[in-house]
Protein chains: 2
Amino acid sequence: MSFDSSPDFAKSLDRQDKLASYRDRFFISDQDMIYMDGNSLGRLPLATSQRVNEIIMKEWGENLIRSWGQGWFEAPIRVGEKIAGLVGADHGQVAVSDSTTVNLYKLAMSALMLRPERKKIITDTLNFPSDLYMLQGCSHVLGGKHTIQMLEPADGLRVDTQTVLDAIDSNTALVALSHVVFKSGYMYDAKTITQYAHQKGALVLWDLSHSVGSVPVELDDWNADFATGCTYKYLNGGPGAPAFLYVRNGLQKEALSPIWGWFGERAPFSFELGYTPAQGIQRFLCGTPPVLSVLAMEPGVDLMLEAGIQPLRAKSIQLSNYLMALFDANLAPLGFSLGTPREVEQRGSHVSLRHPDAYQINRALIEEMNVIPDFREPDNIRLGLAPMYTSFHDVWEVVNRIERVITEKRYLRFPATRLSVT
Amino acid sequence: MSFDSSPDFAKSLDRQDKLASYRDRFFISDQDMIYMDGNSLGRLPLATSQRVNEIIMKEWGENLIRSWGQGWFEAPIRVGEKIAGLVGADHGQVAVSDSTTVNLYKLAMSALMLRPERKKIITDTLNFPSDLYMLQGCSHVLGGKHTIQMLEPADGLRVDTQTVLDAIDSNTALVALSHVVFKSGYMYDAKTITQYAHQKGALVLWDLSHSVGSVPVELDDWNADFATGCTYKYLNGGPGAPAFLYVRNGLQKEALSPIWGWFGERAPFSFELGYTPAQGIQRFLCGTPPVLSVLAMEPGVDLMLEAGIQPLRAKSIQLSNYLMALFDANLAPLGFSLGTPREVEQRGSHVSLRHPDAYQINRALIEEMNVIPDFREPDNIRLGLAPMYTSFHDVWEVVNRIERVITEKRYLRFPATRLSVT
């Protein structure tokens, strides 16, 4: 396409967008507000608000405990099977359960217990801190005998695939990485890393929080061992909605969660005194699931399946290419640098813009410009391009409003001192 | 009171019941249906349905990610502080987090890591199986060197306090019990057991799932170490609502959760690469909480605080005494035996009726008599008396309908073969 930086050009892209109508499937109370944080908390699908009302009034209020026998009990597996369709997983390998951190713990502990003689864990400094903390905790629980090697990005944005491969050796139990990393949006070559790790006898755990619903994920094709990810980002599952987890079929017999609970037991309602893990992915469940949050995520997942991950990815690439073109034309001259790799195959669906005054710019965008991006230390303004509802005109608008924050010196009205969230 | 078994007597008790009006604060779609399962899934408070609508439309739909800074982030601690008022805990010791099983795991692992040289765990066969499974999993993770001693009830209903004390020795790391047990409703003397365990250098973990909201719990007075419990039973928090956990102030500096996640970190939004646990109870949080489920439980907790645990307990005792009087008069002659201790100080708020044909009777109650009790293997019909909304007339009705199932031989219409839930 021949690019120009006018708003009319953005509108012409929107007119050609085959997914454009999906925006109308979401609750949008303020059409002027530019929401660029769908990679942190996805928007509310209209179907979800109806569904929640039904769950509350009919399933809880009216049917009460009987609802456990009318869909609640199976919900973690049933919704998991739907998510499987978004991550390239065949039946029986995905379930919804607990938070991403708890799932990371269950899966990493499983892996480490499967490779007890190996004492090295490989991750990187680009990984989400909760993932790193969890690995440190696993090492602590297992007696502190593991070394956690944190690879560093040479250019600040990415760790080369070869650097990861070089680190994997015969002492490596586990490689645990975010497929798409949370700051720069860098996307790893998951298949190459997984295959090489297997050659060396190591297991691999992928955090798909910033991948699922935005980029094609092919867990079975990668021959991935373990994976988990958030459902409240691109899947629009609702705030803090439980995560999903994946364990490869071939590992399910030997792999064991460290947390043994009744939802993972062979026959939960027999109330046997000794634990016998269920067959299949169910053994990775543990306690009673938060039904309301599990069921409320389903309409968001359904929307994703309806739109299709390939069209979503195609639009996501178009959106980010367009954003980068506008960046080159209008933002680079204002002191911004790109915090995301330019290569399409090396990035997910969010783009980071770096600027020495990013913290103040971010606050001005929120408080004066009706834009919601998010800020990640030390200097990243992160723009989440959620292809389900982000329009090309949104992208044009956000760049235009960023320009105005700089040229009108609005960011200087805000102190650089960080506000504490707590 | 001079007891008689007429329905008029039940109605006269309801007229004297100072908590009677709380029933109107719940959504009750079928006034003829007798709900005796409030100890498994509490009813829907009317305030909850309004609140959920606000969370969905306003907090998620409209405010989006900004809501994290407007109450969501603090919700696990804020709601925890409210629950603290129901379990006799001073500030800073209770939080809402994860499922009961995951919390049991975090707390038991903490305890076992605090007593690494001790290799005995004491529990009983009355404990909820998920609690037992979790203990078995902890032992597995820690290398299989622990012995789990499961005490057995001499009379099928209860394990004498002295039996527990006798089992605690200098090799005991942890005593993990349900305060009120799930089948018989037997209630332990928690203070005596905790104090004796401390004398022997052991730690104690109380599962309060069947206690909180129905019996007075005095964690600080007991000098309890660790506790957790469900919020979806007597607290009416909603299906699978996250559990709460308690860690005694004096233990919080040394105790560490095995699951290290960003919500338990000192400064979650600094994104430091190394984990430093937060001060206080926050260090026992791990991943992003299921906001919808956390916030939806709050109106139920508020109702409990408003009614007061002492009046609730007084009514619960009245209800169960009344049920036992009707049992003696009308059900014992029909082949039932009481599966719950008669001593008031030894029981919670549910009553088990045992019968050789209990499974079939239970099905007939559900399918023909518009009663919802629940069945627990091998022969328990469990009647949950939730003092917030169970009326004396409900109790009269359920006994009357049980009688009819027997005298009209309705239970014979149902096979004794168990239906599988899965």
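What you see as residue numbers is a count from 1 along each chain, following the sequence as written. Each chain gets a letter, beginning with A, and each ligand a number, beginning with 1, in the order they are written. For this predicted model, a pLDDT threshold of at least 70 governs which residues receive local features, and a threshold of 80 or more governs which side-chain atom pairs are given and counted, while totals over whole chains, interfaces and linings are taken from all residues.

### Notes on the overall build of chain A
For clarity, the cut-off: Every helix listed is a DSSP run of H or I at least four residues long, and every strand listed is a run of E at least two residues long, numbered separately from the N terminus. The globule rule is 2.2 Å times the number of residues to the power 0.38, and the radius of gyration it is compared with is taken over C-alpha atoms. Every C-beta atom is placed from the backbone, and the number of other C-beta atoms within 10 Å of a residue's own sets its class: buried at 20 or more, exposed at 12 or fewer, partly exposed in between. Here, residue contact means that the backbone-derived C-beta atoms of the two residues sit within 7 Å.
The helix and strand inventory of chain A stands at 13 helices and 13 strands. Its C-alpha radius of gyration of 22 Å places chain A within 12% of the 22 Å reference for a compact globule of 422 residues. Along the first, second and third principal axes, the C-alpha atoms of chain A reach 70 × 55 × 40 Å. The buried share of chain A, reckoned over its 422 residues, is 57%. In chain A, once contacts between residues fewer than 6 apart in sequence are set aside, the share between residues at least 24 apart is 74%.

### What about the domain arrangement of chain A?
Residues and elements named next belong to chain A. Inclusion rule: Annotation comment: domain bounds sourced from an automatic or database domain assignment. Classification convention: Asp, Glu, Lys, Arg as charged; Ala, Val, Leu, Ile, Met, Phe, Trp, Tyr, Cys, Pro as nonpolar; all other residues, Gly among them, as polar.
Domain boundaries assigned for chain A yield domain 1 (7-45 + 308-413) and domain 2 (71-306). The gap between the C-alpha centroids of domain 1 and domain 2 is 29 Å. Listed per partner, the contact involves 29 residues of domain 1 and 24 residues of domain 2. Going through the elements one at a time, α11 (309-331) and β10 (350-354) are the ones with two or more residues in the side of domain 1 that touches domain 2. Among the elements that make up the side of domain 1 that touches domain 2, the one with the highest residue count is α11 (five residues). Grouping the amino acids of the side of domain 1 that touches domain 2 by side-chain chemistry returns 10 nonpolar, 14 polar and five charged.

### Details of the sheet that holds strand β13 (residues 380-384) of chain A
All names here are of chain A. Stated formally: In this scheme, strands are said to pair when DSSP sees at least two bridges between them.
One open sheet accounts for four strands, arranged β9-β10-β13-β12; its pairing is antiparallel. Strand pairing shows two members of the sheet lacking a second neighbour, β9 (337-338) and β12 (374-376), which therefore form its edges. The pairing of β10 with β13 spans five bridges and is antiparallel. By the bridge assignment, R354 is partnered in β13 with N380.

### Some remarks on the packing of α11 of chain A against helix α13 (residues 392-407) of chain A
Residues and elements named next belong to chain A. Cut-off, in case you're wondering: Lines fitted to the C-alpha atoms define the axes, with helices restricted to the stretch that makes contact. Angles between their N-to-C directions range from 0 to 180 degrees. We call two directions roughly parallel when the angle between them is under 35 degrees, roughly antiparallel when it is over 145, roughly perpendicular when it lies between 65 and 115, and oblique otherwise. Definitions for this section: a left-handed crossing has its near helix turned counterclockwise from the far helix by less than a right angle. A right-handed crossing has that turn clockwise.
Between α11 and α13, whose axes approach to 10 Å, the crossing angle comes to 25°. By the criterion of interaxial angle, the relationship of α11 to α13 is roughly parallel. By crossing handedness, the relation of α11 to α13 is classed as right-handed. Residues L319, Y322, L323, L326, N330 and L331 of α11 form the contact with α13, whose participating residues are F392, V395, W396, V399, I402 and E403.

### Quick notes on the relation of the copies chain A and chain B
As a reminder, the rule being used: The atoms used to superpose the copies are C-alpha atoms, taken from residues with pLDDT of at least 70 in both, and the fit is least squares.
Mapping chain A onto chain B calls for a rotation angle of 180° and an axial translation of 0.0 Å; the resulting RMSD is 0.0 Å. The operation mapping one copy onto its partner corresponds to a two-fold rotation axis. The rotation axis passes nearest to the C-alpha of S293 of chain A in chain A, at a distance of 3.0 Å. When the interface residues of chain A are mapped onto chain B, 100% of them are again interface residues, pointing to one common binding face.

### What about the pairing of strand β8 (residues 244-247) of chain A?
All names here are of chain A. Alternating positions in β8 separate into two faces, F244 and Y246 on one and L245 and V247 on the other, with burial throughout. In the sheet, strand β2 (residues 94-96) pairs with β8 via three bridges, with the strands oriented antiparallel. From the neighbouring strand, V96 faces β8, where its bridge partner is F244. Taken together, the four bridges between strand β7 (residues 226-229) and β8 define a ladder with antiparallel strand orientation. Among the inter-strand pairings, T228 is bridged to a residue of β8, identified as L245.

### Some points on the pairing of strand β4 (residues 147-151) of chain B
Residues in a regular strand point their side chains to alternate faces of the sheet. Residue and element names in this part refer to chain B. Note the following rule: By convention, a crossover is right-handed whenever its connection, traced from the first strand over the helix to the second and viewed with the strands pointing away, goes clockwise.
As judged from the five bridges shared by strand β3 (residues 120-124) and β4, these two strands associate in the parallel manner. Of the residues in β4, the one forming a bridge with K120 is T147. The handedness of the β3 to β4 crossover, carried by helix α5 (residues 129-141), is right-handed.

### Examining unusual backbone geometry
A cis amide bond links E377 of chain A to the next residue, P378 of chain A, at an omega of -5°. Summarising the element assignment, P378 of chain A is placed in the loop between β12 and β13. Of note, the phi angle at N223 of chain B is positive, near 65°, even though the residue is not glycine. Following the sequence through the fold, N223 of chain B ends up in the loop between α8 (219-222) and β7 (226-229). Although it is not a glycine, F271 of chain B adopts a positive phi angle of roughly 55°. You can see F271 of chain B is positioned in the loop between β8 (244-247) and α9 (291-296). Looking at F271 of chain B, the number of C-beta atoms within 10 Å reads 17, which means it is partly exposed.

### A short note on the interface of chain A and chain B
Think of interface size as the accessible area that goes away when the parts come together; that is how it is often given. At the junction of the two partners, chain A supplies 68 residues and chain B supplies 69 residues. Elements with a minimum of two residues in the side of chain A that touches chain B: α2 (46-62), α4 (100-114), α5 (129-141) and α9 (291-296) of chain A. Looking at which element gives the most residues to the side of chain A that touches chain B, the answer is α5 of chain A, with eight residues. Split into classes, the residues belonging to the side of chain A that touches chain B amount to 40 nonpolar, 20 polar and eight charged.

### Some thoughts on helix α4 (residues 100-114) of chain B
As a reminder, the rule being used: What a helix should span is 1.5 Å times the count of its residues minus one.
In this model, α4 of chain B (15 residues) spans 21 Å end to end at C-alpha, consistent with the 21 Å of a helix rising 1.5 Å per residue. Extensive coverage of α4 of chain B is indicated by the burial of 13 of its 15 residues.

### Digging into α13 of chain A
Residue and element names in this part refer to chain A. Its 16 residues give α13 an end-to-end C-alpha distance of 23 Å, which sits within 8% of 22 Å, the value for a rise of 1.5 Å per residue. Along its buried surface, α13 packs onto α1 (7-16), β1 (34-35), α11, α12 (358-368), β11 (371-372) and β13. Two residues or fewer past α13, K409 is found with a positive phi of approximately 50°.

### So, the nonpolar core
This is how the line gets drawn: Here, a nonpolar core means buried Ala, Val, Leu, Ile, Met, Phe, Trp, Tyr and Cys residues linked by C-beta atoms lying within 7 Å of one another.
In this structure, V87 and A108 of chain A together with V87 and A108 of chain B are the most contacted members of the largest nonpolar core, which totals 282 residues. The contacts of A108 of chain A, once residues within four sequence positions are left out, are M134, L135, C138, L174, A176 and L205 of chain A.

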